[in-house]
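Tertiary structure, described
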Amino acid sequence: MATYKIAVLPGDGIGPEVTAEAVRVLRATSKSSGASFEFEEALVGGAGIDATGHPLPPATLALCKQAHAILFGAVGGPKWEHVPHEVRAERGLLAIRKELDLYANLRPAICFPMLVDASPLKRSVVEGTDLMVIRELTGGLYYGEPRGVERFADGGARAVNTMVYTTREIERVARVGFEVARKRRKHLTSVDKNNVLVVSQLWREVVTSVAKDYPDVTLDHVLVDNCAMALVHRPTQFDTIVTENTFGDILSDEAAILAGSMGMLPSASLGNLAGAGGGPVGLYEPVHGTAPDIAGQGVANPIAAILSAAMLLRYSLNMTREADRIDAAVRRVLEQGHRTRDIAARGDKALGTREMGDLVVQHVERG
Ligand code: IPM
Ligand code: MG
């Protein structure tokens, strides 16, 4: 029987609450799959700063490096906003991405039929949305050098971040884009700012040349400002989107609105290194962040974390059947009308985090 080691990094805010439900759902799958999981928890983000002074303590990084996959909650919050930039809670996440070379971030945004009315956008716009944003995750403005602030004697200052990409960095994420599109509706949209940025000109050139290896996939190029508009105007025109780090950060939050709530969106961050689980080592996290306003109240929606656990099974462990089982369980629970507060219509009874987790666990166990 296979045993997989999963590093669990709950982090801050609602991270621990939702991650606990994802762990329970993973445990529930092991009854039918025969695979077992060894969960090991470690500190990250503000929790890491409080305990060790560091947002990514060395022990956490070591654990991540030897795990088959990483289940991540969320990091950051008002408490750590005033610490120096280099030890902000968010640096913990950015450092793991870089250290493990998790360069491709997959963020699916699906508007489930039973949640069309949960989105603030019109039903006629969001209905049928099923897209995947692939965000480059280890390059661009987030890591580019030079970076920093110069303070002048007159009180003024000058701050610099650098958007930089190499051919190799663009090519490898473009390939992920084409491979993913190939398994979907075979339509890839590359998003850039080619009319202004030289980085985008290189981006477009490289993506176009990689396209020659994927004649079965239709490629188009869209400018990022236009894409931002099209996402809330006609989201169903998109299948798979591939874009650089900062554009992807922004567009994926926008896409969350199409799914009704941030509380519904999972993500996978993948590198190339084949892990012992068969697939690439990956980090799996809900897109929603720490939500400090509701942390500790037991009302957060655990579905994004649970769907992230399903992505973990699918991509890092090649356990497709169990991943499908979790996805189906979530759909069934929603079809039956169960809602957490963020997706509840007026008059619906809102379930807590644990109750929603219980229902998904029950459906997974029943198959
Ligand atoms: C995300 C988040 C992070 C990012 C933050 C927390 C550093 O917004 O994963 O989208 O900007 O990448
Ligand atoms: Mg973001």
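Predicted model only: the values in this text are computed from it and were never measured. (Residues numbered from 1 in each chain as written. Chains lettered and ligands numbered in written order. Predicted model: local features only at pLDDT ≥ 70, side-chain atom pairs only at ≥ 80, totals over all residues. Heavy atoms only, no water.)

Concerning the overall build of the protein chain
Counting its regular elements, the protein chain contains 12 helices and 14 strands. Taken over 367 residues, the protein chain has a buried fraction of 54%. The contacts of the protein chain with a sequence gap of at least 6 include a subset with a gap of at least 24, amounting to 75%. As presented, the protein chain carries roughly 15600 Å² of accessible surface, and 53% of it is formed by carbon and sulfur atoms. Charge-centre separation for the protein chain: the mean point of 40 positive side chains lies 4 Å from the mean point of 44 negative side chains. (Helix = DSSP H or I, 4+ residues; strand = E, 2+ residues; numbered from the N terminus. Buried < 20%, exposed > 50% of the residue type's maximum accessible area, 1.4 Å probe, protein only. Contact = heavy atoms within 4.5 Å. Areas by Shrake-Rupley, 256 points an atom, 1.4 Å probe, with all protein chains shown as cover. Lys, Arg positive; Asp, Glu negative; His and termini not counted. Charge placed at Lys NZ, Arg CZ, Asp CG, Glu CD.)

Some thoughts on the pairing of strand β3 (residues 69-74)
With six of its six residues buried, β3 lies for the most part within the structure. Bridge analysis of strand β1 (residues 3-11) against β3 gives five bridges, and the strand direction is parallel. Of the residues in β3, the one forming a bridge with L9 is F72. (Pairing = 2+ DSSP bridges.)

Concerning the site of ligand 1
Taken together, E90, R97, R107, R135, Y142 and D249 make up the full set of residues near ligand 1. Between ligand 1 and D249, the relevant distance is 2.9 Å, taken from an oxygen atom to a side-chain nitrogen or oxygen of the residue. Here ligand 1, which alone exposes 320 Å², has 76% of that area covered by the protein. Across the shell around ligand 1, the residue classes tally to one nonpolar, no polar and five charged. Here the shell around ligand 1 gathers at least three residues from each of two domains, domain 1 (1-110 + 261-367) and domain 2 (120-259). (Near = heavy atom within 4 Å. Polar contact = N/O pair within 3.5 Å; in protein donor to acceptor, adjacent residues only side chain to side chain. Nonpolar A, V, L, I, M, F, W, Y, C, P; charged D, E, K, R; others polar. Domains from an automatic or database assignment.)

Observations concerning unusual backbone geometry
Put simply, E145 and P146 share a cis peptide bond, and its omega is 0°. Inspection of the secondary structure assignment puts P146 in the loop between β5 (130-136) and β6 (148-151). Even without being a glycine, K186 presents a positive backbone phi close to 60°. Residue placement: K186 occurs in the loop between α6 (167-183) and β8 (187-192). Given the relative accessible area of 35%, K186 is considered partly exposed. Positive phi values are uncommon outside glycine, yet A291 reaches one of about 40°. Considering the arrangement of structural elements, one finds A291 in the loop between β12 (280-284) and α10 (303-315). Classification of A291 as partly exposed rests on a relative accessible area of 22%.

Focus on helix α1 (residues 15-33)
Given a rise of 1.5 Å per residue, 19 residues ought to cover 27 Å, and the 27 Å separating the end C-alpha atoms of α1 matches this to within 8%. For α1, the full list of buried residues reads G15, E17, V18, T19, E21, A22, V23, V25, L26, A28 and T29. Summarising the contacts, the buried residues of α1 are in contact with β1, β2 (36-41), β3, α10, α11 (320-335) and α12 (353-366). After α1 finishes, the residue G34 shows a positive phi value of roughly 85°. (Expected span 1.5 Å × (residues − 1).)

Digging into the nonpolar core
If you look at the biggest cluster of nonpolar residues, it comprises 92 residues, and the most contacted ones within it are I6, L71, L106, L313 and L334. No other element matches α10, which puts nine residues into this core. If you count residues domain by domain, this core takes at least three from each of domain 1 (1-110 + 261-367) and domain 2 (120-259). In this structure L313 touches L26, T29, F37, N318, M319, E322, A323 and I326, once residues within four positions along its chain are discounted. (Core = buried A, V, L, I, M, F, W, Y, C linked by side-chain atoms within 4.5 Å.)

Examining α12
For an α-helix, the turn length of 3.6 residues means that residues three or four places apart are oriented alike. Over its 14 residues, α12 runs 20 Å from end to end, which matches the ideal 20 Å to within 8%, given 1.5 Å per residue. The inward-facing, buried residues of α12 contact α1, α10, α11, β13 (339-340) and β14 (350-351).

Looking at the domain arrangement of the protein chain
With domains assigned, the protein chain is organised as domain 1 (1-110 + 261-367) and domain 2 (120-259). A straight line from the C-alpha centre of domain 1 to that of domain 2 covers 24 Å. On the domain 2 side, the residues contacting the 22 residues of domain 1 number 23 residues. Between domain 1 and domain 2 lies a buried interface of about 2100 Å² when both sides are counted; carbon and sulfur atoms form 57% of it. (Buried area = accessible area lost by both parts, 1.4 Å probe.)

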